[in-house]
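The residues making up each chain are set out below.
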Amino acid sequence: MGLINHLKNLGGKCYHKSGMLLRLPWFRLCGNHISVTASIESDVILRHSHIGKFVYLGPRANALWADVESYSCIAGGVTIGGMNHEYKKAVSINPLLNPYCHMDYRTKIGHDVWIGSKSIILQGVTIGDGAIIGAGSVVTKDVAENTIVFGTPAKVYKKRFPEKTWEIIKESKYWDYPPEEAKKILAQLQIDLPF
């Protein structure tokens, strides 16, 4: 308890980040690059993944061989990436016995992406900046930037912003800045949305 009390005395943010690390068993962190500004809830499994700045990972989310860029929010129960199991060859499905099972394709999540609860993003899929994935979706194909998709399999619903608006937002590259600066950049854009 001495270490916990010491961390509490150092300040809230430090305590939160160290609590996050103490909550996760070492095997769940091994082989990853996690930004110190990321917020990771309980029971998250990460393997060989890159978690960018100010990313939020909800409870029981999994990211396996995945790259998640800045400001993306992953809700609870989401699975990103994984392994492809070859089933058409005359060998076992188990990767210990099957030379055709592989992790060759990384799954890529862009900047400021929202992935709704219990969605599944298959291995090798790329989700563009600013996209939204509806809760419970199964994403089997790439999702373009600034696009809202949902369903099983996920289908395009609409663009998140009109194209001209999205170009202005994208050019600002607000995701390269800390939250206070990013808020100022977004406020200065003075965009009137049609909804």
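Above this note sits the structure.
Heads up: these notes are all about the structure in this document.

Regarding the sheet that holds strand β15 (residues 138–139)
Alright, step 1. Pairing in this open sheet of five strands is parallel, and the strands run β3-β6-β9-β12-β15 from one edge to the other. Edge positions in the open sheet fall to β3 (45–47) and β15, since each of these has one partner strand only.
Alright, step 2. Of the pairings in the sheet, the one linking β3 to strand β6 (residues 62–64) comprises three bridges and is parallel in character. Bridging from a neighbouring strand, Leu46 pairs with Ala63 of β6.

So, the pairing of strand β17 (residues 155–159)
Alright, step 1. Little of β17 is tucked away, with zero of its five residues classed as buried.
Alright, step 2. Bridge count for strand β16 (residues 147–150) against β17 is four bridges, and the pairing is antiparallel. Paired with Ile148 across the two strands is Lys158, which belongs to β17.
Alright, step 3. In textbook terms, the turn of a hairpin is the stretch between consecutive antiparallel strands, and for β16 and β17 this stretch comprises four residues, one of which, Gly151, has a positive phi near 110°.

Quick notes on the side chain of Ser137
Alright, step 1. Its location among the elements puts Ser137 in the loop between β14 (132–133) and β15.
Alright, step 2. Apart from residues lying up to four places away in sequence, Ser137 is in contact with Lys118, Ser119, Ile120, Val149, Phe150, Gly151, Thr152 and Ala154.

Describing the packing of aromatic side chains
Alright, step 1. Summed over the entire model, instances satisfying the criterion amount to five aromatic pairs.
Alright, step 2. Joined through ring pairs, the aromatic side chains of Phe54, Tyr71, Tyr174 and Trp175 make up one cluster.

Side note on helix α4 (residues 163–172)
Alright, step 1. All of the buried residues along α4 are Thr165, Trp166, Ile169 and Ser172. Taken around the axis of α4, the buried residues stretch over an arc of 120°, which confines them to a single face. Residues Lys164 and Glu171 are exposed on α4 and point more than 90 degrees away from its buried face.
Alright, step 2. Looking at the packing, one finds that the buried side of α4 touches α5 (179–188).
Alright, step 3. Looking one or two places after α4, you find Lys173, whose phi comes out positive at around 50°.

Details of the sheet that holds β16
Think of a sheet as strands paired side by side through backbone hydrogen bonds, with each pair either parallel or antiparallel.
Alright, step 1. Strand order in the open sheet formed by seven strands is β2-β5-β8-β11-β14-β16-β17, with mixed pairing between adjacent strands. Unpaired on one side and paired on the other, β2 (39–40) and β17 mark the two borders of the sheet.
Alright, step 2. Across two bridges, the pairing between strand β8 (residues 73–74) and strand β11 (residues 114–115) is parallel. Across the sheet, the residue bridging to Cys73 is Trp114, located in β11.

So, the nonpolar core
Alright, step 1. Leu57, Ile115, Ile121 and Ile127 are the most contacted members of the largest nonpolar core, which has 26 residues in total.
Alright, step 2. If we ignore the near neighbours within four places in the chain, the residues touching Ile127 are Lys108, Ile109, Gly110, Val113, Ile115, Ile121, Ile133 and Val143.
Alright, step 3. Among the nonpolar cores identified, the runner-up in size contains eight residues, and Tyr71, Ile169, Tyr174 and Trp175 belong to it.

Quick word on unusual backbone geometry
Alright, step 1. Looking along the chain, the bond that leaves Thr152 and enters Pro153 is cis, with omega of -10°.
Alright, step 2. We note that Asp43 has phi near 60°; this positive angle belongs to a residue other than glycine.
Alright, step 3. As for its position among the elements, Asp43 is in the loop between β2 and β3.
Alright, step 4. Positive phi is not limited to glycine here, since Phe54 has a value of about 60°.
Alright, step 5. Examined against the element boundaries, Phe54 turns out to sit in the loop between β4 (50–51) and β5 (56–57).
Alright, step 6. Residue classification places Phe54 among the partly exposed positions, given a relative accessible area of 26%.

A short note on the pattern of salt bridges
Alright, step 1. Applying the stated criterion to the full structure yields five salt bridges.
Alright, step 2. The salt bridge partner of Asp67 is Arg106, with a shortest N-O separation of 2.9 Å. You can see Asp67 sitting in strand β7 (residues 66–68) and its partner Arg106 sitting in the loop between β9 (79–81) and β10 (107–109), a full 39 residues away along the chain.
Alright, step 3. Under the relative-accessibility criterion, Asp67 is labelled buried at 14%.
Alright, step 4. When its relative accessible area of 28% is taken as the criterion, Arg106 is described as partly exposed.
Alright, step 5. For Lys159, the salt bridge is made with Glu163, and the minimal N-O distance between the two is 3.9 Å.
Alright, step 6. Taking the relative accessible area as the measure of exposure, Glu163 reaches 41% and is therefore partly exposed.

Reading the values: rules and limits
- Residues numbered from 1 in each chain as written.
- Predicted model: local features only at pLDDT ≥ 70, side-chain atom pairs only at ≥ 80, totals over all residues.
- Heavy atoms only, no water.
- Pairing = 2+ DSSP bridges.
- Helix = DSSP H or I, 4+ residues; strand = E, 2+ residues; numbered from the N terminus.
- Buried < 20%, exposed > 50% of the residue type's maximum accessible area, 1.4 Å probe, protein only.
- Contact = heavy atoms within 4.5 Å.
- Phe/Tyr/Trp six-rings, centres within 6.5 Å; stacked < 30°, edge-to-face > 60°.
- Arc of directions from axis to C-beta.
- Core = buried A, V, L, I, M, F, W, Y, C linked by side-chain atoms within 4.5 Å.
- Salt bridge = Lys/Arg side-chain N within 4 Å of Asp/Glu carboxyl O.

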